[in-house]
Structure formats: structure tokens, C-alpha cells
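Understanding the architecture of this molecule
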Amino acid sequence: MAWSLRTLPTLSEDQFLQWGKLLEERTGIQLVFQQKAWLESQIYARLRDMGYSDYDSYYLFVAEESIDSKLEWARLVDRIAVKETSFFRHRESIEYVRNYLQQKINNQSLHDSFDVWSLGCATGEEAYSLAMVVNDCFELAAINPYYGITALDISPSALAAGRKARYSKRRVEQVKLDEVKRYLQVCADGSFEVVSKLRDRVCFTQSNIINARQLPQVQVDVIFCQNLLVYFRRWLRRDVLNALVERLKPGGLLIVGLGEVMDWEHPDMQRTNEDQVQAYIRQR
Ligand SMILES: C[S@@+](CC[C@H](N)C(=O)[O-])C[C@H]1O[C@@H](n2cnc3c(N)ncnc32)[C@H](O)[C@@H]1O
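Residues numbered from 1 in each chain as written. Predicted model: local features only at pLDDT ≥ 70, side-chain atom pairs only at ≥ 80, totals over all residues. Heavy atoms only, no water.

1. Considering the site of the ligand
The ligand sits among 22 residues. The nearest are Thr85, Gly120, Glu126, Asp153 and Asn227. Interatomic distance of 2.9 Å between a backbone N/O atom of Ile209 and a nitrogen atom of the ligand. Out of a free accessible area of 600 Å², the ligand has 98% covered by protein chains. (Near = heavy atom within 4 Å. Polar contact = N/O pair within 3.5 Å; in protein donor to acceptor, adjacent residues only side chain to side chain. Areas by Shrake-Rupley, 256 points an atom, 1.4 Å probe, with all protein chains shown as cover.)

2. Concerning the domain arrangement of the protein chain
Domain annotation of the protein chain identifies domain 1 (3-80) and domain 2 (91-282). Once you take the C-alpha centre of each, domain 1 and domain 2 turn out to be 31 Å apart. Facing ten residues of domain 1, the contacting portion of domain 2 comprises eleven residues. Together domain 1 and domain 2 conceal approximately 820 Å² of surface at their shared face, both sides included; 48% is due to carbon and sulfur atoms. At the boundary of domain 1 with domain 2, the tally comes to one salt bridge. We note a salt bridge from Glu24 to Arg233, for which the minimum N-O separation is 2.5 Å. Of all the secondary structure elements, the ones that give two or more residues to the side of domain 1 that touches domain 2 are α1 (13-27) and α4 (67-80). No other element matches α1, which puts four residues into the side of domain 1 that touches domain 2. When its residues are assigned to classes, the side of domain 1 that touches domain 2 shows three nonpolar, three polar and four charged. (Domains from an automatic or database assignment. Contact = heavy atoms within 4.5 Å. Buried area = accessible area lost by both parts, 1.4 Å probe. Salt bridge = Lys/Arg side-chain N within 4 Å of Asp/Glu carboxyl O. Helix = DSSP H or I, 4+ residues; strand = E, 2+ residues; numbered from the N terminus. Nonpolar A, V, L, I, M, F, W, Y, C, P; charged D, E, K, R; others polar.)

3. Overview of α1
Each α-helix winds once per 3.6 residues, and so residues spaced three or four apart point in a common direction. An ideal rise of 1.5 Å per residue puts 21 Å on 15 residues; α1 measures up with 21 Å between its terminal C-alpha atoms. Within α1, the full set of buried residues consists of Gln15, Phe16, Trp19, Gly20, Leu22, Leu23, Glu24 and Thr27. The elements touched by buried residues of α1 are α2 (36-49), α3 (55-63) and α4. One or two steps after α1, the chain reaches Gly28, where phi turns positive at roughly 90°. (Expected span 1.5 Å × (residues − 1). Buried < 20%, exposed > 50% of the residue type's maximum accessible area, 1.4 Å probe, protein only.)

4. Brief notes about unusual backbone geometry
Of note, Ala142 is a non-glycine position whose phi angle comes to about 50°, a positive value. Residue placement: Ala142 occurs in the loop between α6 (125-140) and β2 (146-153). A positive phi angle, near 60°, is found at Asn227, a position not held by glycine. Within the secondary structure, Asn227 sits in the loop between β7 (220-225) and α10 (234-245).

The structure is reproduced here in C-alpha cells:
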């Protein structure tokens, strides 16, 4: 019988826990039991493609430390990670970055470069939205300093889509008309491509945020991290944020998703007074 016609074998409760543990240890992503049927189908699709006949033998393979196992693990995580995103998904947060930069320009307190990280960038819409507002500010001020957006994600397919920078009409619905005119060009197939002056500023890199202490030893102006920490346990969210503080310049801005982190405080970070944006400024 062809594989596709076989019934999906059931992942037992113990197997679900075993897979969930491995996923959480390696990515921070925590699954809930309601996701069992969905996880089953994602794992099954990969094990079938790899020629395995049961969950346990495929588990033993991906749990190994070999290069082949690591490659296969990356493919599996690619299927499991939720990559939902959109341009200006939370416009208030992106506009907050615009105001923050505008103030730096007005006060002439810009450093040599303006560096932004988009963490858990998915298919790139968030990074390009940030690039749009940063570019707006510099064009308005008629200055041309170095700026760059580093977009990090664990998912190779999401990063590949980000580098391609082509989005369907439906995916650009949240971009205002004047932004579309300035930053997107219509392709022959009706999709929209981000213009090269923004594409050149965004660098997509594969990285696992739970190893935040291993991120490049640089300090940046803005760290933008939304709809990622929400998949992690509370202690891990705090741990990642503590590590990110070290990567901010003094005076740097950290923005997380509203309500994603409720119980985090850091001696160097001050929460801003904004109600609709969860933002923190590094004090020293
Ligand atoms: C729901 S999307 C959020 C995208 C975007 N930040 C937004 O708010 O629209 C979450 C992204 O986090 C990525 N992700 C999950 N675990 C990760 C990890 N440990 N390290 C880096 N990226 C991760 C996923 O691949 C996915 O693209």
C-alpha cells in the first residue's frame, strides 16, 4: 500500500512527552497536549519521507549528534515552529521605534550606526517593517548613516522566504498605501517585492534564541522580539531577556510583545510609560 494511503499511526502519550521534551530542550518551544494530533502529523510526514516506519526509530535518529541528524532535526523544527507573522503586525510597537529614532536624530544622540535586531523574524515582514520606519526617519532628516536590521530565526525556510522578500497581495494588506508606493514594487505575477534599498539593509541569519548568550558580541540600538517568547516557559523568557540586555547599547530599546512577559525586571532596564507597547530602555 502507498504510504499516503496508510492511516496515521498514533503517537502514544509517552512518545508525545518524549518528543515534547526534546523539542523544548533544543528550541525552548513548549507544546501543550492539545497539539498532540498536530505534532503526530508533522513528525509522521518527516519520518515517512526519511523512510522510517515508526516514531521511535525516527526519534533515535534525530536525537543523535551526527550531521545528518542535525539536518533532519532542522527540517522537522521547520515544520513545527509557528511562523505566523505580518507587516506591521503590532503597528504601535513599530511606530515606537520610529519615535525613538526620531528623538535620537532630533537630540543628535545617534551613535555611528543604528543597529536593530528582529528576533524570531519568521518570513521577514517584521524586519522589513522596521527597515521602513528607520529609512523614513533618515530620509526625512536627509542624513545617510549606516543602519542595518539583523533578522534572526531558527527556521531555514522562513529565513529563505525573508531573503526572497516577495509577498502576496494579501500579505501586504497592513502596509499603508504610501508605504507600498515607496517600499514595495509589483512583480509580473501580482506579488510585491521589497525594494532593494531596504533589502540591502536586512541580513537574515539562522540562530537559536535560547542560546542568546552566544549571539554576536555586539551592542545594538533596538532589540525587537515579539510573539516568540510566548512559546517558552516563564523562567526561559526571563533568562533570554537577561542575556539580551547585554546586547543593548546604553540607552538602547527593547520591545517585546504586549503581555508576553509579565514578571521580568532588570536593574539596568526601565519600562517606559507606554500602555500599548511593552518597551524597556537600558539605563546604563
Ligand atoms: C509566531 S512567529 C513571530 C514572528 C514575528 N516576530 C511576529 O511577531 O510577527 C515566531 C517565530 O519564532 C521562531 N522561533 C521559534 N523558536 C525559536 C528559537 N528558539 N530561536 C529562534 N527563533 C525561534 C519561529 O521559527 C517563528 O518564525
